[in-house]
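Remarks on the overall topology
Residue-level listing of the chains:
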Amino acid sequence: MPLLVDGRRVRLPQSAGELVRAHPSLEERARLLRGQSVQQVGPQGLLYVQQRELAVTSPKDGSISILGSDDATTCHIVVLRHTGNGATCLTHCDGTDTKAEVPLIMNSIKSFSDHAQSGRLEVHLVGGFSDDRQLSQKLTHQLLSEFDKQEDDIHLVTLCVTELNDREENENHFPIIYGIAVNIKTAEIYRATFQDRGPEEELRAARALAGGPMISIYDAKTEQLRIGPYSWMPFPHVDFWLQQDDKQILEVRIYRLGKS
């Protein structure tokens, strides 16, 4: 079934800019989101989602009330929510395997037994900018195309990606929004940064650095964070990389993603 905006079929392929011009409500919602002040989110009731992770829960959760992620540059943060039961999934996509990741996002919402109750699926896409390698543009196109291929109707509610999330300073381009949070109880989505990126931030980051696929990190039934076993090959030239600053490592990471 199609990807919809205000009940109308989305025509693909289109750039993010072309899409919002065809659907003014998307442009208005992107403008309002960009105009928000950034909220500092504390650890109470928060589950932070790292790159290549997803987490899903519902308003019935007694431990988690907020899902969030940040540090997105070319990456996109995706929120998929069922308006009937309130089941909400947040994930941080980097374009590694979007074709496999979108069905994983969909199935995470469908895993809630009362999915069939009245309501609809709504998706929100935030992140990226007008980068020179066009990694953001590529990821935007992949996500829109894959959501459009799913069996269920999916309503695109927020599109603040790539050129819609871009600012220019001294002829250099940067994202406007780096992170968002979603309140599971109220469905509010807002700009956010996070004091705490745990639990087990280093362990989880190592899994993504080792090239692991996207995984679901949270069991809503038991209200437990779960990271399964993973392995990695010996890291070449590790002494050299330990001496580099974050900026240098990030630049190399973005370059390698662009070639993959």
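Residues numbered from 1 in each chain as written. Predicted model: local features only at pLDDT ≥ 70, side-chain atom pairs only at ≥ 80, totals over all residues. Heavy atoms only, no water.

The name recorded for the protein chain in an unreviewed UniProt entry is Protein N-terminal asparagine amidohydrolase, from Marmota monax.

1. Observations concerning the overall build of the protein chain
Across its full length, the protein chain holds 7 helices and 17 strands. At 18 Å, the protein chain has a C-alpha radius of gyration in line with the 18 Å of a compact globule built from 260 residues. Counting only carbon and sulfur atoms, one obtains 50% of the accessible surface of the protein chain, whose full area is about 13300 Å². For the protein chain, the distance from the average position of its 28 positive side-chain charges to the average position of its 36 negative side-chain charges is 4 Å. (Helix = DSSP H or I, 4+ residues; strand = E, 2+ residues; numbered from the N terminus. Rg over C-alpha atoms; globule rule 2.2 N^0.38 Å. Areas by Shrake-Rupley, 256 points an atom, 1.4 Å probe, with all protein chains shown as cover. Lys, Arg positive; Asp, Glu negative; His and termini not counted. Charge placed at Lys NZ, Arg CZ, Asp CG, Glu CD.)

2. Some points on the state of the cysteines
When the sulfur atoms of two cysteines share a covalent bond, that bond is a disulfide. On inspection of all chains with the given rule, the structure shows 0 disulfides. Just so you know, Cys 89 is unpaired, no disulfide at all, and the nearest cysteine sulfur is the one on Cys 93, 8.6 Å from it. By relative accessible area, Cys 89 is classed as buried at 1%. No disulfide involves Cys 160; its nearest neighbouring cysteine sulfur is the one of Cys 75, lying 15 Å away. Among the residues examined, Cys 160 registers a relative accessible area of 0% and is labelled buried. (Disulfide = S-S within 2.5 Å. Buried < 20%, exposed > 50% of the residue type's maximum accessible area, 1.4 Å probe, protein only.)

3. Digging into the sheet that holds strand E13 (residues 180-183)
With mixed pairing, the 5 strands of this open sheet are ordered in space as E3-E14-E13-E6-E4. The two strands at the open ends of the sheet, each matched to only one other strand, are strand E3 (39-41) and strand E4 (46-48). Mean inter-strand twist for the sheet, computed between neighbouring axes without regard to direction, equals 40 degrees. Direction of pairing for strand E6 (residues 66-69) relative to E13: antiparallel, over a ladder of 4 bridges. Each bridged residue has a counterpart across the sheet, and for Ile 66 the counterpart in E13 is Asn 183. (Pairing = 2+ DSSP bridges. Axes fitted to C-alpha atoms, helices over the stretch in contact; angles between N-to-C directions.)

4. Some points on the packing of helix H3 (residues 98-110) against helix H4 (residues 135-148)
If you want to describe how two helices pack, look at the angle between their axes and the distance between the axes. At a minimum axis separation of 9 Å, H3 and H4 run at an interaxial angle of 50 degrees. In terms of axis orientation, H3 runs oblique to H4. For the pair H3 and H4, the sense of crossing is right-handed. Residues Thr 98, Lys 99, Val 102 and Met 106 of H3 touch H4, and the partners they reach there are Leu 139, Gln 142, Leu 143, Glu 146 and Phe 147. Here the contact of H3 with H4 is built from residues that sort into 5 nonpolar, 2 polar and 2 charged. (Parallel < 35°, antiparallel > 145°, perpendicular 65-115°, else oblique. Left-handed = near helix turned anticlockwise from the far one by under 90°. Contact = heavy atoms within 4.5 Å. Nonpolar A, V, L, I, M, F, W, Y, C, P; charged D, E, K, R; others polar.)

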